[in-house]
Amino acid sequence: SKEVNLEDYPSQMIIAPASLSDFNISYHNSRTNAVKNINLSSDITHYTATPASQIWLKFVNKTTGCYIIKKLSVTIYSTPKAQDIFPEVCDETDGKLDGNYIIPNLDIYKNQIITGESNLELLYTFSYYNNMADANAKNANTISPTNYTFNETNLESGPYPDPDCYTHTIFARIDKQDNTGCFSVVAISFQINKKVAVHAEQPEILNCDESDNDGKSNFDLTTVQDQISTTLGVSFKYYPTKDDAQN
């Protein structure tokens, strides 16, 4: 079903040289009721239309009193079955722990926004916006899908999935390519895994050589974890080089 304003349609049913102002217009649920002047009881400006709806319009000429009755056919096209998504994003999307978040291509989320369908490129056109109003208007304020970048100043706290979670939300508009004009707008709400706060000063571990003087000694790396970071819920892994750790 779809809510429509029936007053939007009479102008599409008048052929020149006639003018809409030439007629008194009434709305009915059958031809018989139109003849008998039994009007629709529903609000015609907020009418819930379905494919089974019977809508008849009666045009009465203001000068002659003659009338014509026309049926308004209802065809409801489906909108894209799209859903909001909540992808998790870490700070090191660009290989750097710098507070910048880079999404190489927003189109990678197409199959999460619309699931269970193939050949999405042939069926839909995807565009991206910073807010829902621009997406609904389909204006020029689009976001380029490649290398979409935001930083910590663009983050908002909660409420999904909890108030301590940071998010950044943009909107995807999905237009059907069948010329029906049907579209959907959904949110892409990035769930941000912020970089771990670490102390600026790098810790050192000092230890003496063992008695065999072979230049080797055993170190317990866990003893300096609190000197690296005291952030709750952080786990540590150790690598021989910075490149290994980042990769």
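Reading guide: rules and limits
- Residues numbered from 1 in each chain as written.
- Predicted model: local features only at pLDDT ≥ 70, side-chain atom pairs only at ≥ 80, totals over all residues.
- Heavy atoms only, no water.
- Salt bridge = Lys/Arg side-chain N within 4 Å of Asp/Glu carboxyl O.
- Buried < 20%, exposed > 50% of the residue type's maximum accessible area, 1.4 Å probe, protein only.
- Core = buried A, V, L, I, M, F, W, Y, C linked by side-chain atoms within 4.5 Å.
- Helix = DSSP H or I, 4+ residues; strand = E, 2+ residues; numbered from the N terminus.
- Phe/Tyr/Trp six-rings, centres within 6.5 Å; stacked < 30°, edge-to-face > 60°.
- Patch = residues over 30% accessible without salt bridge, like charges linked within 9 Å, V, L, I, M, F, W, Y side chains within 5 Å.
- Areas by Shrake-Rupley, 256 points an atom, 1.4 Å probe, with all protein chains shown as cover.

### Digging into the pattern of salt bridges
For the coordinates displayed, the defined rule picks out 3 salt bridges. Arg173 serves as the salt-bridge partner of Asp175, at 2.8 Å between the closest nitrogen and oxygen. In terms of burial, Asp175 and Arg173 fall into one category: buried. A salt bridge links Asp178 to Lys176; the shortest N-O distance between them is 3.4 Å. For Asp178, a relative accessible area of 36% puts it in the partly exposed group. Members of the salt-bridge network, linked through shared partners, are Lys138, Arg173 and Asp175.

### What about the nonpolar core?
When a protein is soluble and globular, its nonpolar side chains tend to lie buried together. Leu106, Ile113 and Phe190 are the most contacted members of the largest nonpolar core, which has 23 residues in total. When residues of this core are traced back to their parent elements, those giving at least two are strand E7 (100-105), strand E8 (124-129), strand E9 (146-151), strand E11 (166-176) and strand E12 (183-193). Per element, the largest residue contribution to this core is 4 residues, and it comes from E12. Counting residues in each nonpolar core, the second largest holds 15 residues, with Val4, Tyr47, Leu57 and Phe59 among its members.

### What about the packing of aromatic side chains?
What the rule picks out here adds up to 5 aromatic pairs. Ring centres of Tyr109 and Phe190 lie 5.9 Å apart, and the angle between their planes is 65°; on these two criteria the pair is classed as edge-to-face. Of this pair, Tyr109 sits in the loop between E7 and helix H2 (110-113) while Phe190 sits in strand E12; the two residues are 81 residues apart in sequence, bridging distant segments of the chain. According to the relative accessible area criterion, Phe190 is buried, its value standing at 0%.

### Considering a nonpolar patch on the surface
Judged by side-chain polarity, Phe219, Leu221 and Tyr238 come together as a nonpolar surface patch covering roughly 280 Å² of accessible area. Along the chain, Tyr238 falls in the loop between helix H5 (225-228) and helix H6 (242-246). Its relative accessible area of 38% is what places Tyr238 among the partly exposed residues.

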